[in-house]
Amino acid sequence: MDTPDRAADAGRFAALTVPVHHASTLTFATTSAFLGRRSQLFDGYSYGLYGTPTTRALEDMVATIEGGSRSIAVPSGLAAVTGPLLALLRAGDQVLVADCVYGSTRDFCTEILQAMGISVAFFPSDADSIAGLLTPATRLVLLETPGYYTMELQDIDAIAREAHAAGALVMADNSYGFGLSNLFAHGVDIVASALSKYGSGHSDLCMGSITVADDALFRRIKLGVTRLGIGIAADDAYLVIRSLQTLSVRLAEHGRRTEPVVAWLAQRPEVAAVLYPHSVGPQRDRHARFFRGGHGLLAVRLRQASLARVSAMLDSMQVFRIGASWGGVHSLIAPFDLSTARRTASARQEGWLLRLHVGLEPLDSLLADLDAGFARLNASS
Ligand SMILES: *Cc1c(COP(=O)(O)O)cnc(C)c1O
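These figures come from a predicted structure and were not determined experimentally.

(A) Molecular detail of the overall build of the chain. On a plain count of helices and strands, the chain comes out with 12 helices and 12 strands. Dimensions of the chain, computed from C-alpha atoms along their principal axes, come out at roughly 75 × 60 × 35 Å. Sorting the 381 residues of the chain into buried and exposed places 51% on the buried side. Here the analysis covers contacts within the chain between residues at least 6 apart in sequence; of these, 74% occur between residues at least 24 apart. Side chains of the chain carry 33 positive and 36 negative charges; the gap between the two charge centres is 2 Å.

What follows is the structure in structure tokens.
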């Protein structure tokens, strides 16, 4: 082990933090270094948009957390999903998409990819096989497990085996499991995560990451993302670097606080089902296979709710705030119309779902807020 040379250390500036580099222009010592700057795209520095020591430090931390070798930081979780799709797919290709994906991912596939001549087919959210859908044109399978709002899990190992045998890549939106998983160990080739959630942890920025475990794939995606002209801001990179240092303790604490909320909700007559696959329901084993724990995100399917009743409940909440996204310190609640959730006909659902994020407020204030909310829901018609 290195022992610091304490005498030589005197007067040295030795902060524990990563410096924040703001840069567009980078200068070069020689004409030939300038003309050859494109060779620096993947590992060195050529232009502020394409990487700085700050963004590279963040990308290295993210790659380690996800269990991959290289990451690319992008301005949103959505861009982490759309970037690889744009980089890797061409007209005539087919992409298979889990039916439960994030709504904007679904819209990107049906509006942008299809207009580019890429065909899109959806498969059931709890699938353990996609064999019947794979064709010679299938280039990529997009998973999101557990799914957005409805929390079903696909069998990643089984689907990845089938996809690879057919020559297709597997990408997973791991916004839920960031910091709790290594999806590469289950056969995923590309892991896309929204760092806007627990990765940043304070509801104050949007960012996403694309992580791979294969250098050739890294180069293809990095080149594609470079062509799109997107990158992240230095100060946002710094904020995420700071938050990642407490990621594991925040995840564990949100998970610890969520268990009693889940148990309380499971007793409520208004609740048809609590969707918290870490500790409740038939997919617990599948969850345990992919994720080391739970955190603060859960949903409940309501019995006999209408928009009027849901509004009566939510509009007067005191602690839970109405809002999308999650992963910060605040408790959030968001209504979701299940009839809009599915593409595959057999999976059509009706009714209302509430998604909750359990923040760091005292437990008794959270339960009192929910209790008063259910009283309003029941009193409304
Ligand atoms: C939040 C989220 C996104 C989008 O992330 P943004 O940073 O808000 O664009 C994508 N997928 C999933 C599963 C998410 O939870």
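(B) Layout of the pattern of salt bridges. Tallying each qualifying case throughout the model produces 12 salt bridges. Its salt-bridge partner being R268, residue E270 comes within 3.0 Å of it at the nearest N-O pair. When its relative accessible area of 5% is taken as the criterion, E270 is described as buried. Across the pair R268 and D371 runs a salt bridge whose closest N-O atoms are separated by 2.6 Å. Here the residue R268 occupies a position in the loop between α9 (247–266) and β8 (271–275), and D371 occupies one in helix α12 (residues 363–379), the gap between them amounting to 103 residues.

(C) Broad picture of the pairing of strand β2 (residues 94–98). Extensive coverage of β2 is indicated by the burial of five of its five residues. Going residue by residue along β2, you find Q94, L96 and A98 tucked away on one face and V95 and V97 tucked away on the opposite face as well. Chirality of the crossover, the property in question, places the unit of β2, helix α5 (residues 103–115) and strand β3 (residues 119–123) among those that are right-handed. Inspection of the sheet shows β2 paired to strand β4 (residues 138–144) by four bridges, in the parallel sense. Directly across from L96, in β4, lies its bridge partner V141.

(D) Summary view of the sheet that holds strand β9 (residues 297–302). Spatially, β8-β9-β12-β11-β10 is the arrangement adopted by the five strands of the open sheet, whose pairing is mixed. Unpaired on one side and paired on the other, β8 and β10 (321–322) mark the two borders of the sheet. As paired strands, β9 and strand β12 (residues 352–357) are joined by five bridges and run antiparallel to one another. Bridging from a neighbouring strand, L297 pairs with H357 of β12.

(E) View of the layout of surface pockets. By volume, the largest pocket amounts to about 310 Å³. Surrounding the largest pocket, 21 residues form its lining, Y102, Y148, S175, A194 and K197 being those nearest its centre. Across the lining of the largest pocket, the residue classes break down as 11 nonpolar, six polar and four charged. Inspection of the lining of the largest pocket shows a minimum of three residues originating in each of domain 1 (31–244) and domain 2 (247–379).

(F) α12, seen in detail. The end-to-end C-alpha distance of α12 is 24 Å, a good match for the 24 Å that 17 residues give at a rise of 1.5 Å each. Within the sequence span of α12, burial applies to L366, L367, D369, L370, G373, F374 and L377. An end-on view of α12 places all buried positions within 155° of arc, on one side of the element. More than 90 degrees from the buried face of α12, the exposed residues found are D364 and A379.

(G) Quick look at helix α11 (residues 307–314). For α11, every residue scored as buried is listed here: R309, V310, M313 and L314. Projected down its long axis, α11 carries its buried residues within an arc of 125°, all on one side.

Rules used in this analysis
Residues numbered from 1 in each chain as written. Predicted model: local features only at pLDDT ≥ 70, side-chain atom pairs only at ≥ 80, totals over all residues. Heavy atoms only, no water. Helix = DSSP H or I, 4+ residues; strand = E, 2+ residues; numbered from the N terminus. Buried < 20%, exposed > 50% of the residue type's maximum accessible area, 1.4 Å probe, protein only. Contact = heavy atoms within 4.5 Å. Lys, Arg positive; Asp, Glu negative; His and termini not counted. Charge placed at Lys NZ, Arg CZ, Asp CG, Glu CD. Salt bridge = Lys/Arg side-chain N within 4 Å of Asp/Glu carboxyl O. Right-handed = clockwise from strand over helix to strand, strands pointing away. Pairing = 2+ DSSP bridges. 1 Å grid on protein atoms, 1.4 Å probe; cavity = no way out; pocket = protein on both sides within 12 Å on 5 of 7 lines; lining within 4 Å. Points joined across faces, edges and corners; volume = space filled by probe spheres on them. Nonpolar A, V, L, I, M, F, W, Y, C, P; charged D, E, K, R; others polar. Domains from an automatic or database assignment. Expected span 1.5 Å × (residues − 1). Arc of directions from axis to C-beta.

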